[in-house]
Amino acid sequence: MRVGILGAGQLGRMLALGGYPLGARFTFLDGKADAPGAQVGKIVLGGFDEPEKIAELARRVDVLTFDVENVPARAVREAGVEALCRPNLAALETGQDRVAEKQSFEALGIPVAPWRAIETADELLAALDELGLPAVLKRRRLGYDGRGQRFIRRREEALEAFGELGGGDLILEAFVEFEREVSMLGVRAASGETRFYPLSENRHDNGILRLSRAPSAPEELAASAREHVGRLMEHFDYVGVLAVEFFVCGGQLYANETAPRVHNSGHWTIEGAVTSQFENHIRAVLDLPLGDTGCVGVSAMANLIGEMPSTPALLAIPGLHLHDYGKSSRPGRKLGHATLVAPDEEALAKPLASLLALAWPAAQARTSAEIVEC
Ligand code: AMP
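Residues numbered from 1 in each chain as written. Predicted model: local features only at pLDDT ≥ 70, side-chain atom pairs only at ≥ 80, totals over all residues. Heavy atoms only, no water.

1. What to know about the domain arrangement of the protein
Now for step 1: As far as domains go, the protein holds domain 1 (2-85), domain 2 (114-174) and domain 3 (180-372).
Now for step 2: Put simply, the middle of domain 2 and the middle of domain 3, counted by C-alpha atoms, are 29 Å apart.
Now for step 3: Carbon and sulfur atoms supply 29% of the area buried between domain 2 and domain 3, which totals about 350 Å² over both sides.
Now for step 4: Between the two partners, domain 2 and domain 3, sit zero salt bridges.
Now for step 5: Summed over the shared surface of domain 2 and domain 3, the number is one residue pair in polar contact (both at pLDDT 80 or more).
Now for step 6: Among the residues making up the side of domain 2 that touches domain 3, the classes are represented as no nonpolar, one polar and four charged. (Domains from an automatic or database assignment. Buried area = accessible area lost by both parts, 1.4 Å probe. Salt bridge = Lys/Arg side-chain N within 4 Å of Asp/Glu carboxyl O. Polar contact = N/O pair within 3.5 Å; in protein donor to acceptor, adjacent residues only side chain to side chain. Nonpolar A, V, L, I, M, F, W, Y, C, P; charged D, E, K, R; others polar.)

2. Re the packing of helix H4 (residues 89-96) against helix H5 (residues 98-107)
Now for step 1: Orientation of H4 relative to H5, taken along the N-to-C sense of each, is 110°, at an axis distance of 5 Å. As judged from the angle between their axes, H4 and H5 are roughly perpendicular. Of H5, the residues touching H4 (which contributes Thr94, Gly95 and Gln96) are Arg98, Ala100, Glu101 and Ser104.
Now for step 2: For the contact of H4 with H5, a count of residues per class yields one nonpolar, four polar and two charged. (Axes fitted to C-alpha atoms, helices over the stretch in contact; angles between N-to-C directions. Helix = DSSP H or I, 4+ residues; strand = E, 2+ residues; numbered from the N terminus. Parallel < 35°, antiparallel > 145°, perpendicular 65-115°, else oblique. Contact = heavy atoms within 4.5 Å.)

3. Some thoughts on helix H1 (residues 10-19)
Now for step 1: Most of H1 is tucked away, with nine of its ten residues classed as buried.
Now for step 2: For H1, the full list of buried residues reads Gln10, Leu11, Gly12, Arg13, Met14, Leu15, Ala16, Gly18 and Gly19. (Buried < 20%, exposed > 50% of the residue type's maximum accessible area, 1.4 Å probe, protein only.)

4. Quick notes on the sheet that holds strand E2 (residues 25-30)
Now for step 1: In space, the four strands of this open sheet follow the order E3-E2-E1-E4, with parallel pairing throughout. With one partner strand each, in any of the chains shown, strand E3 (42-45) and strand E4 (63-66) form the two edges of the open sheet. When the angles between neighbouring strand axes are averaged without regard to direction, this sheet yields 30°.
Now for step 2: Running at roughly 175° to E2, helix H2 (residues 51-59) makes contact with strand E1 (2-6), E2, E3 and E4 of the sheet. (Pairing = 2+ DSSP bridges.)

5. Topic: the nonpolar core
Across soluble globular proteins, nonpolar side chains show a tendency to be buried alongside one another.
Now for step 1: Grouped together as the largest cluster of nonpolar side chains are 34 residues, with contacts concentrated most on Val3, Phe26, Phe28, Ile282 and Leu286.
Now for step 2: Listed by contribution, the elements that provide at least two residues to this core are E1, H1, E2, strand E9 (180-188), strand E12 (208-214), strand E13 (240-249) and helix H10 (277-285).
Now for step 3: Built from parts of two domains, this core gets at least three residues from each of domain 1 (2-85) and domain 3 (180-372).
Now for step 4: Judged by nonpolar contacts, the second largest core, of 26 residues, contains Phe196, Leu199, Met233 and Leu253. (Core = buried A, V, L, I, M, F, W, Y, C linked by side-chain atoms within 4.5 Å.)

Right, here's the structure in full:
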């Protein structure tokens, strides 16, 4: 069972770590010989836009999957390896374009906040009149972790934001005064069998995920999220893990975006679920039976961003599970994560407070305090 992964980031590394016990072996395509995946598999050195490199990876494996969603579908088609890809390229391409993604949500009856595709400054001004302020202007493609988007609070800010984001190929979204952000992760086998993880509740800061907690109540929201994600997976004849982020507003779900891959908000499943999202993705792409997605307690996962806290200090927290991706420090870069699993919220509170005190230095104390409240 040889799996090829386009991208050798931390997601690829965790996919390999999840798949090794099952006997799967991993080769990655990446532009960097020292990417996190290199710690646990072989690397084919090359770009995602190089069909010959994709073909070389494909020759070495039985199935291809993704650690990143921004692999150009054209390069995969040119390599002639489309049939090996799980999930398929249609799902991948939809996730790459915020407009196509919104259209899919709407076609499947999944609620979204009002939005407009924007090509010109005049279209932006007209759309602002229709959708009102504040609003969020985003690049249609290649945005992640809050990059490639600007919040527009006053009409006068619109043209500057338009220019900064490249002046076209944009989407304007109404600002959602959400109560909470949540995500639902589903996994689907080629046979059509689907399973869902409990809902995660997510706290972002500057567009970057800081903290995920699961399971998140109430059950009616989780049931509604399962229905939406199930419909998307069926529509795309999806194989693997699919993540969908939602805003909760007025007790209702509004879909924000999809990720056609394992997702940061599901990292808690490594220790907090019977079968992790990574193992289940590998099971799905290898046509193995899917694993139990139930949780084994209450979990909290904190991202370690920009600078790694001291490893001994983290590991001194009772029950903490550390994942250090082996990346060099850079502001805003996800370097690792830590997960705590406890029998109940009360038992989780103390170690979580210790983790958050280490994970986010004093300068971010205000944000940390806000995050702890969730
Ligand atoms: P995204 O890249 O679309 O996931 O956006 C990153 C984060 O920015 C989200 O998780 C939200 O916290 C915030 N955000 C994005 N779009 C909106 C919106 N339309 N209304 C309110 N907040 C938003």
